[in-house]
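Per-entry structural report
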Amino acid sequence: MNPDHTYFNISINPLHSNPDLSVLFSGEGKPNPQHKMGPAVHDYYLIHTVLSGKGTFEMGQRTYACSTGDTFIIYPGELFSYTADSAAPWHYVWVAFIGRSVDSLLSQIGVSPQQAVISGNEPRTIRHFYRHLRACFSQTSFPQLEELEAEGWLRLLLRELGRVNTHHISAKPVVETDIQRQIGQAIRYLELQYTQAVSIEHLARSLGYHRTYLCKMFKQSTGLSPMQYLFNIRMERAKQLLMTTAMTIDQVASSVGFNDALYFSKQFHKWSGSAPSVYRKELRSV
């Protein structure tokens, strides 16, 4: 038992190897009245959610009075302090994490060092995510799997925090027409499904348009028909594979949506001016 708390529980990640997002530890505690942390700085991000009671959080020359359902976020390198109330000390849960993607993730849910508190969470709901986070680190023989699970629960926690903080999230401005949005969706579909047999007829129906109309609007937007756009995607990807791998021509063809390697070679020759094997040799001789 932590002497400054009437209840204290913490689970620590023994691995934290993911450079993009990695949970360090997660805990739950009931500090004594007027228990204070700081002024101090951390070299990691630390989120606290208040389950009951109240206290005061200070960071970046701003002071926040926090109570049940509030979440405060400590940023690395930022001077902070927080203090439990003298009459109704808070009961809170917390999670610490690091990673290259964290600033972007926190920005997506509407928080920053200048706006570091989220209000309105339902304590029973939010506690569920923290419980699962702590349960991840059961010290099994496979800490890498524990870390994967913890990252997933952290992302779900952040999503839940963002759900109640939408008033601080910048909505994407609606400047596109419906057909422009659908053309964008068609482009994303082709960019993701180019390895498959693509039916423009099926794509048009799935977007709610007649094939002729979709093709007309697609060409107005991109300068190419959907099939021409798809062909360019396939050829550019084939070029990358020829440049960066030792895959056979058959394997390259199959990887970019061609079942017939000979037909692929003919099409690649038309597009680049060289057969795939010649193109590869020319690159390696440079």
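A brief look at the structure comes next. (Residues numbered from 1 in each chain as written. Predicted model: local features only at pLDDT ≥ 70, side-chain atom pairs only at ≥ 80, totals over all residues. Heavy atoms only, no water.)

Considerations on the packing of helix H7 (residues 226-244) against helix H9 (residues 261-272)
Between two packed helices, both the angle of their axes relative to each other and the distance between the axes serve to describe the pair. Running from N to C, H7 and H9 cross one another at 95°; their axes reach a closest spacing of 11 Å. Classified by the angle between their axes, H7 and H9 sit roughly perpendicular to one another. Of H9, the residues touching H7 (which contributes Phe 231, Asn 232, Met 235, Glu 236, Ala 238, Lys 239 and Leu 242) are Phe 264, Gln 267, Phe 268 and Trp 271. Considered class by class, the residues forming the contact of H7 with H9 number seven nonpolar, two polar and two charged. (Axes fitted to C-alpha atoms, helices over the stretch in contact; angles between N-to-C directions. Helix = DSSP H or I, 4+ residues; strand = E, 2+ residues; numbered from the N terminus. Parallel < 35°, antiparallel > 145°, perpendicular 65-115°, else oblique. Contact = heavy atoms within 4.5 Å. Nonpolar A, V, L, I, M, F, W, Y, C, P; charged D, E, K, R; others polar.)

Examining the sheet that holds strand S6 (residues 62-67)
Picture the strands of a sheet paired through backbone hydrogen bonds; they go either parallel or antiparallel. The sheet built from four strands is open, its strands ordered S3-S8-S5-S6 with antiparallel pairing. Every interior strand has two partners, whereas the edge strands, strand S3 (36-40) and S6, have only one. Neighbour to neighbour, the strand axes of the sheet diverge by 15° on average, direction disregarded. Bridge count between strand S5 (residues 54-59) and strand S8 (residues 80-84): five bridges; the pairing is antiparallel. Residue pairing across strands places Glu 58 opposite Ser 81, the latter belonging to S8. (Pairing = 2+ DSSP bridges.)

So, the pairing of strand S7 (residues 71-74)
The two faces of S7 match: Thr 71 and Ile 73 on one face and Phe 72 and Ile 74 on the other face are all buried. As defined by bridge partners, strand S4 (residues 45-52) adjoins S7 across four bridges and the pair is classed as antiparallel. Among the inter-strand pairings, Ile 47 is bridged to a residue of S7, identified as Ile 73. Here S7 pairs with strand S10 (residues 117-118) via two bridges, running antiparallel. Bridging across to S10, Phe 72 finds its partner in Val 117. (Buried < 20%, exposed > 50% of the residue type's maximum accessible area, 1.4 Å probe, protein only.)

Looking at the side chain of Ser 274
Inspection of the secondary structure puts Ser 274 in the loop between H9 and helix H10 (276-285). One polar contact links Ser 274 to Glu 282, side chain to side chain, over a distance of 3.4 Å. Excluding residues within four positions of it along the chain, Ser 274 makes contact with Phe 268, His 269, Tyr 279 and Glu 282. (Polar contact = N/O pair within 3.5 Å; in protein donor to acceptor, adjacent residues only side chain to side chain.)

What about the layout of surface pockets?
Computed from the structure, the largest pocket encloses a volume of approximately 210 Å³. Forming the walls of the largest pocket are 15 residues, and the residues nearest its centre are Phe 8, Met 37, His 48, Tyr 82 and Trp 94. Listed by contribution, the elements that provide at least two residues to the lining of the largest pocket are strand S1 (5-12), S4 and strand S9 (91-98). When residues of the lining of the largest pocket are assigned to their parent elements, the largest contribution, three residues, is made by S1. (1 Å grid on protein atoms, 1.4 Å probe; cavity = no way out; pocket = protein on both sides within 12 Å on 5 of 7 lines; lining within 4 Å. Points joined across faces, edges and corners; volume = space filled by probe spheres on them.)

Section: the environment of Tyr 194
Here Tyr 194 lies in the loop between helix H4 (178-193) and helix H5 (200-207). Residues Tyr 194 and Tyr 45 lie 149 residues apart in sequence; the distance between their C-alpha atoms is 40 Å. In contact with Tyr 194, other than residues within four places in its own chain, are Leu 230, Ile 233, Arg 234, Arg 237, Ser 255, Val 256 and Gly 257. Within the local environment of Tyr 194, its side chain forms a polar contact with the side chain of Arg 237, the two groups lying 3.4 Å apart.

Points about the nonpolar core
Formed by 49 residues in total, the largest nonpolar core has its most connected members in Phe 57, Phe 72, Val 95, Leu 106, Leu 154 and Leu 157. The residues contacting Phe 57, other than those within four sequence positions of it, are Arg 62, Thr 63, Tyr 64, Cys 66, Phe 72, Ile 73, Ile 74, Phe 80, Ser 81, Tyr 82, Ala 116 and Val 117. By size, the runner-up hydrophobic cluster in this structure holds 31 residues, among which are Ala 186, Ile 187, Met 235 and Phe 264. (Core = buried A, V, L, I, M, F, W, Y, C linked by side-chain atoms within 4.5 Å.)

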